[in-house]
Amino acid sequence: MRHIISILMENEAGALSRVVGLFSQRNFNIETLNVAPTDDPTLSRLTVTTVGDERVIEQITKQLNKLIDVVKLVDLTEGQHIERELMLVKVKAVGAQRAEVKRTTEIFRGQIIDVTPSIYTVQLAGHASKLDAFIQALGSSTLLEVVRTGVSGVARGEKVLSL
Amino acid sequence: MELLSGADMITRFLADEGVEYIYGYPGGAALHIYDAIHRQDKVNHILVRHEQAATHMADGYARATGKPGVVLVTSGPGATNAVTGIATAFMDSIPMIVLCGQVASHLIGEDAFQETDIIGVTRPIVKHSFTIEHPSDIPMILRKAFYIATTGRPGPVVVDIPKDMTAPTEKYEYVFPKKVKMRSYTPVGRGHTGQIKKAVELILKAKRPILYGGGGLVLGGASELFTQLAKKLNFPVTTSLMGIGAYPQTDRQSVGWLGMHGSFEANQAMHHSDLVVCIGARFDDRATNNVSKFCPTARIVHVDIDPSSIGKTIRVDVPIVGTATSVLEEMLALLDESKTQLEPDALADWWKQIDAWAASRAGRIYEPAEPGETMKPQQVVEAVWKATQGKAYVVTDVGQHQMFAAQYYKFDKPNHWITSGGLGTMGFGFPAAMGVKLNKPDEEVVLITGEGSFQMMMQELSTCSQFGIPVKIINLNNQSLGMVRQWQDLNYQARHAQSYMQSLPDFKMLVESYGHVAMKVEKAEDLDAAIEKAFAMKDKLVFLDVYVDPHEHVYPMQVPQGSMKDMLLSKTERT
C-alpha cells in the first residue's frame, strides 16, 4: 500500500542524505520526495511517498524516528489527509492542438503559464492521480516535458505536525 | 574567561570529560590536534600501527568498562582505515567517538590531498555524525557526540574536523558544557506499565517459559536485575552470543547461549517453549535460524531500548520499549505485589525435559587428544578456562576459534566476553584485547584467536612493545581458515577454495622479534604447562602458538533454513 510520510527535521547539512540514505540502505522504496524549509528556518519539512506492507511501513517510521536529525514524523495515510502535487508540463500546441490543449487544461482546472507560437506550459496542482489523468488525456504525442514536485500533504482538521 | 584554540579545546574537553586514553594515528589534517596533545598530560595517546586497530582498541575498552572509547585519526586514508572498526562498533551498539581530521574548509570538495567525504562514507554505520563548522562550536558538538554515543541504544559517533577549525592562532572562549539537550533526540526511558503488566501475566501462566537475554543487558548494566528475575522465577536462562555473561553460565538455570552454534539444550528449549521473554536482544538471523519456523508454540515478550528492533524480524506478542534496568525493576516489583504466585513445582516437567536435553551433552562431545596427538581446539579453550578460573576477560577474533571460545569458556560475569558478534570482524580481537588490558592492568586478559584473524592485525605487536601491554594470546593454529573450511566441507564437497594458509610465518620468531615471549605448543601433554608459564609472566605479552586439529568442525550447528531445534551434532549425527 502507498503511504505518505511527512517528516519535520533539523535544517542541517547532511540531514537529507541521512533520510534518503536510510531508504536505500534498508531496501525501502521512495516513490516521491520533496523537501523545503518551513516557516521556522531551523526546520525542514520532508514528504516522502513509499510503498510497503504494514510491517515495512512500521520499520520505515521506526528507522526514520531513530535518525538524530528527525524531530517528528507522521504517516498521513493513517488518517484523513489532504495531498497535493504540483506539475509543470510543456506541451506542443500548434494548429488544432492549441484549442484542444487549452480546453483540456481548463477541464482539469490547470493554468497555462507560458505561451510561445508552438508551445504551452501548463501548471496543474492536485492529487497525484489527477496529474496522471491529465497526462493521459493529453496523449504522449503532444508532451514535450513533465516536471512534478512530488507529493506534499497535511492532516485534515486540527491535527498538526509541529514542534 | 578562557581562550583556547580549537585543538586545545579538543584535548581540554576530553580531559574534562574524564577520558584517560585515546587511540590514534597522526597525519597532516590532524597535526594541530596532535600538537595540542603533546602540550598537555591528562589525555594519553596510544599510537597504533593501523587506524583500524585504534577503533578496535577503543571498542574493546568500551565493552569491558561500559564507557565510550575515543579515536583520533587523520583525514582521507586515516579515516577510511577506521571504517571497519566503526562498522564493528555500530553493529554491536558500542559507544565510540571517532575524531577525524579533515582538509581545511576552503579545500573541501576540491579533491584535495588526503580528502575523503568521511561523513558520507560512514553515514550508514554511525549513530550520528557532525562536521565542525566553527571552532567555537567544538565543546558543544563534542558534548553532543558523547551524549548521543552513550545514551539510548549506544553507537559510534564521527566528528569531522577541518584543519582550519583547530588552527593555533584562532582562539575562542572555552566552557565545558555541563548540560546538553536536543529537541530531536530524547533517549528512551521507562517501559509502558500496562505492557509490563501484560508480560508479568504471561510469565505467571507459562508452563514452558524461557528467559532470553541479549547484549542489551551487558550494555545497559542490567545483568544483576536479570539474574534476580531469573532466580525469582526459576526459569531456564539462555542468552544471545552478545549476551554471554549477563547470567552466570555455571549456574544451574543457565542452558548456555542459543543460535547457530549455541547449545543443544538452549535451542531445544527455545523451540519447545510456550513463552520467550527476550530482554535486550534483536533476534538476528544467526540466532533465530529460519524465522518462519521460529518458536512455533511460544508467545513472545520483547523488551528493547530500540523500538526498531521490535517486530523487525519476528512477530512479538508483548512489545515493551524501555531500558532493561527500568523494565526489570518494574517486573520484579509487580511479581512481588502479585496475588497469584508461581507454584513451586509448576515447572517441574519442563525442567525435567531441559535437564534431559542438557545431560545428553549433544553436539558437545569431542575426543581430547592423547599424548602425542594433535590437540582439539575445544580442549585448549577448556584448559584456558581452568587456568584462569573463569575470571579472565576473554577477547576473540572471528571464526571457529570464536565459537569454541564461546562454547568452552564459561562466563559468570558481564563485560568479560568480548567479541565482534554483529559484523564478525576478523582482526578485531588483538587490538580489542589491548584496549581492555590497558585499562584493566590488574586483570587477566586473554585473546583467543586463529592464525587467519591474527595476521590481519599482527602489526600491533609493535604497539604492545611501545606501551607495554601484556595481553596473553592463544593462537589456535589449524593452518587454515577453519570456519570457511568447515562450510566448504559441508556445502561444497570439501573443495577448499582459498581456505588454507600457505607460507605461515614462524609466529614464535615473529613475536620474539618485537621483544615479546612466544612458545610453540604442538603436543597435548605440553599444553597445561605452557599455559601456566604464560600466565605466570604478568608483565609480558605471551603468545602461545598452539597447533590444533585442522579437520575439527564446530558443533552443534543449526541446519540451514531449519527451525532452532534442527541441528547437526557431529559430522555424522543430526537431530
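In this text, all values refer to a predicted model and were calculated from it rather than measured experimentally.

Scoring rules and cut-offs
Residues numbered from 1 in each chain as written. Chains lettered and ligands numbered in written order. Predicted model: local features only at pLDDT ≥ 70, side-chain atom pairs only at ≥ 80, totals over all residues. Heavy atoms only, no water. Helix = DSSP H or I, 4+ residues; strand = E, 2+ residues; numbered from the N terminus. Rg over C-alpha atoms; globule rule 2.2 N^0.38 Å. Areas by Shrake-Rupley, 256 points an atom, 1.4 Å probe, with all protein chains shown as cover. Lys, Arg positive; Asp, Glu negative; His and termini not counted. Charge placed at Lys NZ, Arg CZ, Asp CG, Glu CD. Domains from an automatic or database assignment. Contact = heavy atoms within 4.5 Å. Buried area = accessible area lost by both parts, 1.4 Å probe. Salt bridge = Lys/Arg side-chain N within 4 Å of Asp/Glu carboxyl O. Buried < 20%, exposed > 50% of the residue type's maximum accessible area, 1.4 Å probe, protein only. Pairing = 2+ DSSP bridges. Axes fitted to C-alpha atoms, helices over the stretch in contact; angles between N-to-C directions. Arc of directions from axis to C-beta. 1 Å grid on protein atoms, 1.4 Å probe; cavity = no way out; pocket = protein on both sides within 12 Å on 5 of 7 lines; lining within 4 Å. Points joined across faces, edges and corners; volume = space filled by probe spheres on them. Nonpolar A, V, L, I, M, F, W, Y, C, P; charged D, E, K, R; others polar. Core = buried A, V, L, I, M, F, W, Y, C linked by side-chain atoms within 4.5 Å. Polar contact = N/O pair within 3.5 Å; in protein donor to acceptor, adjacent residues only side chain to side chain. Phe/Tyr/Trp six-rings, centres within 6.5 Å; stacked < 30°, edge-to-face > 60°. Lys NZ or Arg CZ within 6 Å of the ring centre and 35° of its normal.

Brief notes about the overall build of chain B
On a plain count of helices and strands, chain B comes out with 22 helices and 22 strands. For chain B, the C-alpha radius of gyration of 25 Å lies close to 25 Å, the compact-globule estimate for 575 residues. Dimensions along the principal axes, computed over C-alpha positions, put chain B at roughly 75 × 65 × 40 Å. Surface exposure of chain B reaches about 22600 Å², of which carbon and sulfur atoms provide 52%. Each charge sign in chain B was given a centre, from 55 positive and 63 negative side chains, and these centres are 5 Å apart.

Things to note about the domain arrangement of chain A
Residues and elements named next belong to chain A. Domain boundaries assigned for chain A yield domain 1 (2-79) and domain 2 (82-152). Put simply, the middle of domain 1 and the middle of domain 2, counted by C-alpha atoms, are 29 Å apart. In this assembly, seven residues from domain 1 lie in contact with six residues from domain 2. Both faces considered, domain 1 and domain 2 share a buried interface measuring about 500 Å² in area, 51% of it formed by carbon and sulfur atoms.

Some thoughts on the pattern of salt bridges
All names here are of chain A. This structure, assessed with the given rule, holds 28 salt bridges over all chains. With its nearest N and O atoms 3.1 Å apart, the salt bridge here joins Arg-18 to Asp-69. Of this pair, Arg-18 sits in helix H1 (residues 15-25) while Asp-69 sits in the loop between helix H2 (54-66) and strand S4 (70-75), and the two are 51 residues apart along the sequence. Residue Arg-18 is classed as buried on the basis of its relative accessible area of 10%. Among the ionic pairs, Arg-103 bridges to Glu-100, the shortest N-O distance being 2.9 Å. Placement of the pair is Arg-103 and Glu-100 together in helix H3 (residues 96-107), with a separation of three residues, close to one helical turn. The class for Arg-103 is partly exposed, based on a relative accessible area of 45%.

Regarding the side chain of B:His56
Secondary-structure assignment places B:His56 in helix H3 (residues 51-65). Ignoring anything within four residues of it in the chain, the contact list for B:His56 reads B:Thr84, B:Gly85, B:Thr88, B:Thr425, B:Gly427, B:Phe428, B:Pro431 and B:Ala432.

Examining the pairing of strand S5 (residues 96-102) of chain B
Residue and element names in this part refer to chain B. Burial within S5 is extensive, with seven of its seven residues counted as buried. Where burial is concerned, the two faces of S5 agree: the one with Met-96, Val-98, Cys-100 and Gln-102 and the one with Ile-97, Leu-99 and Gly-101 are both buried. With five bridges joining them, strand S4 (residues 69-73) and S5 adopt parallel strand pairing. Its bridge partner being in S5, Gly-69 is matched across the sheet by Met-96. Judged from the seven bridges that link them, S5 and strand S7 (residues 156-162) form a sheet pairing that is parallel.

A word on the side chain of B:His128
You can see B:His128 is positioned in strand S6 (residues 128-131). For B:His128, a relative accessible area of 4% gives the class buried. In contact with B:His128, other than residues within four places in its own chain, are A:Arg18, A:Ile68, A:Asp69, B:Ile148, B:Pro156, B:Val157 and B:Val158.

Considering the sheet that holds S4(A)
Residue and element names in this part refer to chain A. The four strands lie next to each other as S2-S3-S1-S4, forming an open sheet whose pairing is antiparallel. The sheet is open, and its two borders are formed by strand S2 (32-37) and S4, each paired with just one other strand. Along the sheet, successive strands turn relative to each other by an average axial angle of 15°, direction set aside. Here strand S1 (residues 2-10) runs beside strand S3 (residues 43-51); their pairing, made up of nine bridges, is antiparallel. Counted as the bridge partner of Leu-8 is Arg-45 from S3. Packing of H1 onto the sheet brings it into contact with S1, S2, S3 and S4, and relative to S1 it is tilted by some 150°.

Re helix H2 (residues 31-38) of chain B
Residue and element names in this part refer to chain B. Inspection of H2 places Ile-33, Tyr-34, Ala-36 and Ile-37 among the buried residues, and these make up the whole buried set. Considered in projection along H2, the buried side chains sweep an arc of 155° and stay on one side of the axis. Looking at the buried positions of H2, the neighbouring elements they touch are helix H1 (6-16), strand S2 (21-24), strand S3 (44-47), S4 and S7.

Brief notes about the layout of surface pockets
Empty space within the second largest pocket amounts to approximately 970 Å³. Together, 35 residues line the second largest pocket, and A:Gln63, A:Lys66, A:Leu67, B:Asp306 and B:Ser308 are the ones closest to its centre. Broken down by secondary-structure element, the contributors of at least two residues to the lining of the second largest pocket are H1 and H2 of chain A together with helix H5 (83-91) of chain B. Element by element, the count of residues in the lining of the second largest pocket is highest for H2(A), at five residues. Looking at the lining of the second largest pocket, its residues break down into 13 nonpolar, eleven polar and eleven charged.

A word on the nonpolar core
Looking at soluble globular proteins, one finds that nonpolar side chains tend to be buried together. All names here are of chain B. Ranked by size, the top nonpolar core spans 60 residues in total, and within it Tyr-212, Met-270, Val-276, Val-301, Ile-320 and Met-331 carry the most contacts. The dominant element in this core, judged by the number of residues it contributes, is helix H13 (residues 324-337), at seven residues. In contact with Val-301, other than residues within four places in its own chain, are Ala-199, Leu-202, Leu-275, Val-276, Val-277, Cys-278, Val-318 and Ile-320.

What to know about the interface of chain B and chain A
Each partner contributes to the interface: chain B provides 20 residues, whereas chain A provides 20 residues. Where chain B abuts chain A, roughly 1600 Å² becomes buried across the two surfaces, and 45% of that area is made up of carbon and sulfur atoms. Here chain B is connected to chain A by two salt bridges. The shortest N-O distance in the salt bridge between B:Arg183 and A:Glu10 comes to 2.8 Å. Applying the counting rule to chain B against chain A returns twelve residue pairs in polar contact (both at pLDDT 80 or more).

Section: the environment of B:Ala64
Structurally, B:Ala64 is set in helix H3. Taking the C-alpha atoms as reference points, B:Ala64 and B:Val218, separated by 154 residues in sequence, lie 9.6 Å from one another.

A few points about the packing of aromatic side chains
All names here are of chain B. If you walk through the whole model with that rule in mind, you get 16 aromatic pairs over all chains. Pairing Phe-13 with Phe-146 gives two aromatic rings, centres 5.7 Å apart and planes at 50°, and the pair type is tilted. With Phe-13 in helix H1 and Phe-146 in helix H7 (residues 138-150), this pair connects stretches of sequence that are 133 residues apart. You'll find Phe-13 and Phe-146 in the same group, each marked buried. Between Tyr-409 and Phe-411, the aromatic rings sit 4.8 Å apart at their centres with planes inclined by 40°, giving tilted as the arrangement. Taken together, Phe-430, Phe-454, Phe-507 and Phe-543 form an aromatic cluster joined through their ring pairs. One residue, Arg-252, lies across the ring of Trp-351, its end atom 4.7 Å from the ring centre.

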